[in-house]
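Observations on the model geometry
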Amino acid sequence: MKKGEMLTGFKTMFKHPYRRAAEWKRITGKKVIGCVPMYFPDEMVHAAGALPVALFGSGEPISHADAHLMTNACDQVRSTFDSLLKGHYDFMDGVAALHVCDQVRFFIEVWQLDRPFPFFHQMWRPFKMDGSTRPFLLKELERLKSSLEKLTGNQITPQALRESIESYNESRLLIRAMNDIRSRRPGILGAADTARIIAAGMLMPIEENITLMKQLISVLEREAIDGSERTRIVVAGHPCAVPDADLLDMLENYGLSVIDDDLFSGGRRCATDVILENDPVEALADSYMNALPCTTHHFPSAWMKSGDDHSPYSDHVIEMVRKGNAEAVVILRMMYCDPFDLEFVFLKKRLEEEGIPFLPLVTQHGPVPLESLRTRVQAFAERLKTHL
Ligand code: SF4
């Protein structure tokens, strides 16, 4: 298969996010669980014989959700709830969410009261990640395991969970391989395509995703690229939602090449594996404990002390820049995303201290009005070209 055909396939899948899951359910007769982004342990759902599907909402205008949620709820939450009210999730057997932020917690509670599903699982993740909270996280994973076993009638054996973790680790390895090609050969794969490929992987059975990713990587390795000079950048932000494709295309049309990112539909999805040593549930708990710094959780080293504005998340972004030999950062600030907005203050300060040029862009749900951003992106790209 050619690269263009493969990318069109991923694009179509992302355009109709739940079509494949509905078809899978029809064919297999098994359960489909909608998982609110992000960080839900898909491996556990898979090990129960069900299909975990990420709930990204849709690109449709938000027409129903505002009657139910506060209008200053973030767009990811509003779009997801809008999709629910429009019936896009009707075929699903249940909903599961990890409380990554207050907005998710709030809208999930409204959802449960408004439109209860037969299976509705809310998982708590400690905000403080250290040894003192690990037992609680383990209990939460065990509670999820029991709920899924009850729903599906399948016992999640250590062996089944181990195999599921291995499959997801393989998928993460393949995403890393794809990202590595993108970093080594800027221009080989656009940022919008990369985000759609990774997001599509969360909408289909993991086994299919592994097959497709292997094919794609082999196609990319053989593909020639134009040798034009491009400015290497990192994209950070958008904790849960997939960024607008036209916006990402616009960045690249001005000669910027995204060589790494911190997106959930990007580098964050594949950054760390679940290390299987002994008990697989413990391995899942440890993967949360050892996760990358994120705007939605805090590690002991991140606690602010008086006069100390150390920010592990900012350090992580700066490390991506240095490691990828990038020249600048574009920061996508999803409107009303409180966790990211709070961290943005530190990120901005740290990038200034390090002398790394950055461009913050406020984004919203669905197609972003590009005209208002075009001049700023163009000026930023030109400034980089002139000064580098
Ligand atoms: S992390 Fe941000 S974008 Fe994600 S649900 Fe919470 S507020 Fe919304």
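Just above sits the structure.
Attention in this report is confined to the structure presented alongside it. (Residues numbered from 1 in each chain as written. Predicted model: local features only at pLDDT ≥ 70, side-chain atom pairs only at ≥ 80, totals over all residues. Heavy atoms only, no water.)

Digging into the packing of helix α7 (residues 158-184) against helix α8 (residues 191-200)
In the contact formed by α7 and α8, the axes pass within 12 Å of each other and the chain directions differ by 175°. When the interaxial angle is binned, α7 and α8 end up roughly antiparallel. Here α7 contributes Ile175, Met178, Asn179 and Arg182 to the contact with α8, which in turn contributes Ala191, Thr194, Ile197 and Ile198. Grouping the constituent residues of the contact of α7 with α8 by class yields five nonpolar, two polar and one charged. (Axes fitted to C-alpha atoms, helices over the stretch in contact; angles between N-to-C directions. Helix = DSSP H or I, 4+ residues; strand = E, 2+ residues; numbered from the N terminus. Parallel < 35°, antiparallel > 145°, perpendicular 65-115°, else oblique. Contact = heavy atoms within 4.5 Å. Nonpolar A, V, L, I, M, F, W, Y, C, P; charged D, E, K, R; others polar.)

Topic: the pairing of strand β1 (residues 32-36)
In terms of burial, β1 is a largely internal element, five of the five residues being buried. Because side chains alternate across β1, one face comprises the buried residues Val32, Gly34 and Val36, and the other comprises Ile33 and Cys35, equally buried. Pairing between β1 and strand β2 (residues 51-54): four bridges, direction parallel. Counted as the bridge partner of Ile33 is Pro52 from β2. Handedness of the crossover joining β1 and β2 through helix α3 (residues 42-47): right-handed. Across four bridges, β1 lies against strand β3 (residues 94-98) in parallel orientation. Its bridge partner lying in β3, Ile33 is registered against Gly94. (Buried < 20%, exposed > 50% of the residue type's maximum accessible area, 1.4 Å probe, protein only. Pairing = 2+ DSSP bridges. Right-handed = clockwise from strand over helix to strand, strands pointing away.)

Looking at the nonpolar core
Trp111 and Met178 are the most contacted members of the largest nonpolar core, which has 115 residues in total. The residues touching Trp111, leaving out its near neighbours within four places in the chain, are Leu55, Thr80, Phe81, Leu84, Tyr89, Val95, Pro116, Phe117 and Phe120. Grouped together as the second largest cluster of nonpolar side chains are 20 residues, Val234, Ala236, Val321 and Leu347 included. (Core = buried A, V, L, I, M, F, W, Y, C linked by side-chain atoms within 4.5 Å.)

What about the sheet that holds strand β4 (residues 119-123)?
Judged by pairing direction, the sheet is parallel, and its four strands sit side by side in the order β2-β1-β3-β4 without closing on themselves. A strand with exactly one partner marks an edge of an open sheet, and here the two such strands are β2 and β4. Here the strands of the sheet are splayed against their neighbours by 25° on average, with no regard to which way each runs. Along the sheet, helix α6 (residues 134-152) contacts β1 and β4; its crossing angle with β4, the most-contacted strand, is approximately 170°.

Here's the deal with the environment of Arg333
Position of Arg333 among the secondary structure elements: in strand β7 (residues 328-334). Linking Arg333 and Gln364, residues 31 residues apart in sequence, is a C-alpha distance of 8.5 Å. Ignoring sequence-local partners within four residues, the contact set of Arg333 consists of Phe340, Asp341, Phe344, Pro360, Leu361, Val362 and Thr363.

Overview of the sheet that holds strand β5 (residues 231-237)
One open sheet accounts for four strands, arranged β6-β5-β7-β8; its pairing is parallel. In this open sheet, the two strands that pair with only one neighbour each are β6 (256-261) and β8 (358-363). For this sheet, the mean angle separating the axes of adjacent strands, direction not counted, is 30°. By the bridge criterion, five bridges tie β5 to β6 in an arrangement that is parallel.

Topic: the pattern of salt bridges
With the rule as written, the count across this model stands at 30 salt bridges. Of the charged contacts in the structure, one is a salt bridge between Asp66 and Arg78, with a shortest N-O distance of 2.9 Å. Taken together, the positions of Asp66 in the loop between β2 and α4 (75-85) and Arg78 in helix α4 put the pair 12 residues apart, joining distant regions of the chain. Arg322 is the salt-bridge partner of Glu354, the closest N and O atoms lying 2.7 Å from each other. Linking Glu354 in helix α14 (residues 338-354) with Arg322 in helix α13 (residues 312-323), this pair joins segments that are 32 residues apart in sequence. For Glu354, a relative accessible area of 33% corresponds to the partly exposed category. Where salt bridges share partners, they join Asp315, Arg322, Lys349, Arg350, Glu353 and Glu354 into one cluster. (Salt bridge = Lys/Arg side-chain N within 4 Å of Asp/Glu carboxyl O.)

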